[in-house]
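Breakdown of the fold
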Amino acid sequence: MEVWVLGLNHKTAPVEVRERLSIPSHQLEECLKSLEIRGVFRERLLLSTCNRTEIYGAGLDSQNSIRLAKEFLSEHSRLALSDFENRLYVLSQPDSVTHLFSVASGLNSMVVGETEIIGQVKEAYLAAHRFQQTGKVLNALFQRSLKVAKSLRSQTDIGTGKVSVASVAVELAEKIFERLKGVRVMVLGTGEMAVQVTKAMISKGALPLMVSKRHYERAQHLAGELGGEAVPYEAYETRIKEIDVFITSTEAPLVIIRAEQARLWMKLRHERPLFLIDMAVPRNIDQAAEKLDNVYLYNIDDLEGIADRNKAFRESQLEECSRLIRNQTGFFMGWLGKEFGERR
Amino acid sequence: MSFAVYILIFLGYFASFVCYGFDLVFEEEGALLYGKRLLFSSLLAHGVSLVVSVSREPRWVAAYFSESLYLVSFLLVLLLWILERRFGVRFFVLFSLPVVLLLYLLAVLSMGRQGDSLGSALFSKWLWIHTGFIWGGLAGFVAAVSCALMYLFQSWQLKSKRWGKLFVNLPSLQTLDRFHFAFLSIGAILFSLGILGGLFWAKEIKEMGGLWRDPKVFLSFLTCAVYWSVLGLRLSSLRRGQKIAAGTVLVFGLLFVTLMSSTYAPSGFHAGF
């Protein structure tokens, strides 16, 4: 019995190809049945996320199965095989096993060490199992892959630190305020990055107040979309008492919030902590404001710097992760050899 | 009780502190497990030593200064152990243990400095009311100072934009502020009740006149007043966060001087106790 994987991902194919080959969850049963009817492997599993589409299989007549699987992908995507064949990777064991362990652990993801993929692998496995497409080999392989992903997270620092600007800002806010539920976020300006950070905070229960001088209509539209409130520029300072996080992202060429102004705000707020996020370039908030008690000021460079350091730190863990995955592949191949007497 | 036993208990607490520190910095689960075991074993030995003391001489166990420190350090570790078991707050144990270690060490070192016998005072109801509340208040202040130290550390990390592993493991500023405020309130109330108990006691034995010449009484009033001022500032929201946390740490220094004043003061109602 041999384990194979055939597919493409964000490293081998552009989004135009990936979106054509992607398999939505409601089509999963149909696609798996179609593969079964075609005789693609003895056991089979489909893993389709926004970054990858992969067919995992275990069987004996592998070359034939691979040919049939390619034909299936071509039919499903309505693309000629020649249009994407060179973007496909076909891996036999033990590389296929190593590949799955890396995928499940997030080492193969666009954001190294991300955790969403563990859930996606689990869902793909449970679906294939539910539709009776897996057997002894794929059951053992996928169950082990989930264990490997878990142990990698506990034995290494691959999941440490946030790696996007928005998630870094959320993490910081969570270290200032007990929870973000009910925290009021005021956004001055309608810049894309500021909106992203606001959305990330809203997902944790924060309430937005959108302010804009030049684009008040856009602020109103965003406030409606995000479930918040639009505040006229002239009135925003009267609402400072209510807020906990203040994000600026305007196109103003000069500093618009001076340290002295922030000092007055703090008095009005009875010294309640204030998290200032300056996403604008040139900066909107006087850097001297960070010296005030209970004021925590971060600008775009600070946030990007933290995200980059976390990324670099995660990447520094790759070697150790690869070593652990190699060991786990060895264990699995040992088990496979004992069970089926196949080549290692 | 043999001096070696006291030292062994101290070393147990110290080793536990090292293990907790190792766990927090290097996230070693094994170290945390050893830390918990050491803390519990030392706490058990500490409790047994108190029981042995009482069984040898049946009276209030916190009559003398060294005994009081010995009891309060036990109560503090017990409180930490319960909090850890109930809420899993290992960071709290780590930041409180140094203060506990200091109190414990002082207790052991001042064992030979015991003052004159308390005589009939040993059996007065006011003795346990007075000392019980005072040491209860001290326990609250130790917990408050731990939270204040964590607050200052976390705040410094946020301001300096230099995050270590401690940043991830410590709770949010708001959580620390909440705990700090709660412990400070408990400490101030119990400490005030202890002082009040002492005043009633002095009145009962007609010692009110001499009481005011005692440096410990004066310093206790001062410390209590400063603690209530800090609490008042926090309650009125005139000051929050770093300044209040720094205030708690500074006032704890004054509390420490108050504690030590009677041991080293040549005269006064509390001299030698």
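Notes on the structure follow.

Calculation rules
- Residues numbered from 1 in each chain as written.
- Chains lettered and ligands numbered in written order.
- Predicted model: local features only at pLDDT ≥ 70, side-chain atom pairs only at ≥ 80, totals over all residues.
- Heavy atoms only, no water.
- Helix = DSSP H or I, 4+ residues; strand = E, 2+ residues; numbered from the N terminus.
- Buried < 20%, exposed > 50% of the residue type's maximum accessible area, 1.4 Å probe, protein only.
- Contact = heavy atoms within 4.5 Å.
- Buried area = accessible area lost by both parts, 1.4 Å probe.
- Salt bridge = Lys/Arg side-chain N within 4 Å of Asp/Glu carboxyl O.
- Polar contact = N/O pair within 3.5 Å; in protein donor to acceptor, adjacent residues only side chain to side chain.
- Nonpolar A, V, L, I, M, F, W, Y, C, P; charged D, E, K, R; others polar.
- Pairing = 2+ DSSP bridges.
- Axes fitted to C-alpha atoms, helices over the stretch in contact; angles between N-to-C directions.
- Arc of directions from axis to C-beta.
- Disulfide = S-S within 2.5 Å.
- 1 Å grid on protein atoms, 1.4 Å probe; cavity = no way out; pocket = protein on both sides within 12 Å on 5 of 7 lines; lining within 4 Å.
- Points joined across faces, edges and corners; volume = space filled by probe spheres on them.
- Domains from an automatic or database assignment.

1. Looking at the environment of A:Val211
Residues and elements named next belong to chain A. Along the chain, Val 211 falls in strand β6 (residues 207–212). Residue class for Val 211 comes out buried when judged on its relative accessible area of 0%. Here the alpha-carbon distance between Val 211 and Thr 248, two residues 37 residues apart in the chain, equals 9.4 Å. Setting aside chain neighbours within four positions, we find Val 211 in contact with Met 186, Val 187, Leu 188, Gly 189, Ala 219, Val 231, Pro 232, Tyr 233 and Tyr 236.

2. Some details on the interface of chain A and chain B
Each partner contributes residues to the interface: chain A has 26 residues there, and chain B has 24 residues. Across the chain A to chain B interface the summed buried area is about 2,000 Å²; carbon plus sulfur atoms make up 47%. Summed over the three residues of chain A that lose the most area to chain B, namely A:Lys175, A:Glu178 and A:Tyr296, the buried surface amounts to 34% of that side. Run the count over chain A and chain B and you get four salt bridges. Notably, a salt bridge pairs A:Asp302 with B:Lys161, separated by 2.9 Å at the nearest N-O pair. Applying the counting rule to chain A against chain B returns 16 residue pairs in polar contact (both at pLDDT 80 or more). Secondary structure elements with two or more residues in the side of chain A that touches chain B: α8 (165–176), β10 (295–299) and α12 (300–316) of chain A. Of all the elements, α8(A) adds the most residues to the side of chain A that touches chain B, at six residues. Taken together, the residues of the side of chain A that touches chain B break down into ten nonpolar, three polar and 13 charged.

3. What about the sheet that holds strand β2 (residues 43–48) of chain A?
Residues and elements named next belong to chain A. Here we have four strands laid out as an open sheet, ordered β2-β3-β1-β4, and antiparallel in their pairing. The open sheet has two edge strands, β2 and β4 (89–92), and neither has a second partner. The sheet shows a mean angle of 15° between the axes of neighbouring strands, direction not considered. Note: β2 against strand β3 (residues 52–59), six bridges, orientation antiparallel. Paired with Leu 45 across the two strands is Tyr 56, which belongs to β3. Strands β2 and β3 of the sheet are contacted by helix α2 (residues 28–38), whose axis makes an angle of about 145° with β2.

4. A word on the pairing of β3(A)
All names here are of chain A. Along β3, eight of the eight residues are buried, which leaves the element largely enclosed by surrounding structure. Side-chain alternation along β3 places Arg 52, Glu 54, Tyr 56 and Ala 58 on one buried face and Thr 53, Ile 55, Gly 57 and Gly 59 on a second face that is also buried. Direction of pairing for strand β1 (residues 2–9) relative to β3: antiparallel, over a ladder of eight bridges. Its bridge partner being in β3, Val 3 is matched across the sheet by Ala 58.

5. Details of the sheet that holds strand β9 (residues 274–278) of chain A
All names here are of chain A. If you walk across this open sheet you meet the six strands as β7-β6-β5-β8-β9-β10, and the pairing is parallel. In this open sheet, the two strands that pair with only one neighbour each are β7 (229–232) and β10. Going across the sheet, the axis of each strand differs from the next one's by a mean of 20°, ignoring polarity. Sheet analysis places strand β5 (residues 184–188) next to strand β8 (residues 245–248), joined by four bridges and oriented parallel. When the bridges of β8 are listed, Val 187 appears paired with Ile 247. Against the sheet, α8 makes contact with β9 and β10, and its axis sits at roughly 165° relative to β9, the strand it touches most. Lying over the sheet, helix α10 (residues 216–226) contacts β6 and β7, oriented at roughly 170° with respect to β6.

6. Topic: helix α11 (residues 259–268) of chain A
All names here are of chain A. Buried within α11 we find Ala 259, Gln 261, Ala 262, Trp 265 and Met 266. Projection of α11 onto a plane perpendicular to its axis shows the buried side chains occupying an angular sector of 155°, all on one side. When the buried face of α11 is taken as reference, the exposed residues oriented beyond 90 degrees from it are Leu 264 and Lys 267. Where α11 is buried, its residues contact β8, β9 and β10.

7. A short note on the state of the cysteines
Inspection of the entire model under this criterion finds zero disulfides over all chains. The thiol of A:Cys50 is not disulfide-bonded; the next cysteine sulfur, from A:Cys31, is found 18 Å away. For A:Cys50, a relative accessible area of 63% translates into the label exposed. B:Cys224 forms no disulfide, and the closest cysteine sulfur to it belongs to B:Cys147, at a distance of 20 Å.

8. Structural notes on the layout of surface pockets
If you add up the space inside the largest pocket, you get close to 840 Å³. Lining the largest pocket are 32 residues, with A:Gly159, A:Thr160, A:Gly161, A:Phe313 and B:Val168 sitting closest to its centre. Where the lining of the largest pocket is concerned, the elements lending two or more residues are α7 (136–155), α8 and α12 of chain A together with α6 (165–169) of chain B. No fewer than three residues from each of domain 1 (2–160 + 314–340) and domain 2 (165–301) of chain A sit in the lining of the largest pocket.

9. Structural notes on the environment of B:Tyr104
Residue and element names in this part refer to chain B. Note that Tyr 104 resides in helix α4 (residues 90–109). The sequence separation of Tyr 104 and Ser 66 amounts to 38 residues, and the corresponding C-alpha distance is 8.8 Å. Setting aside its immediate chain neighbours within four residues, Tyr 104 contacts Tyr 6, Ile 9, Phe 10, Tyr 13, His 46, Tyr 70 and Ser 73.

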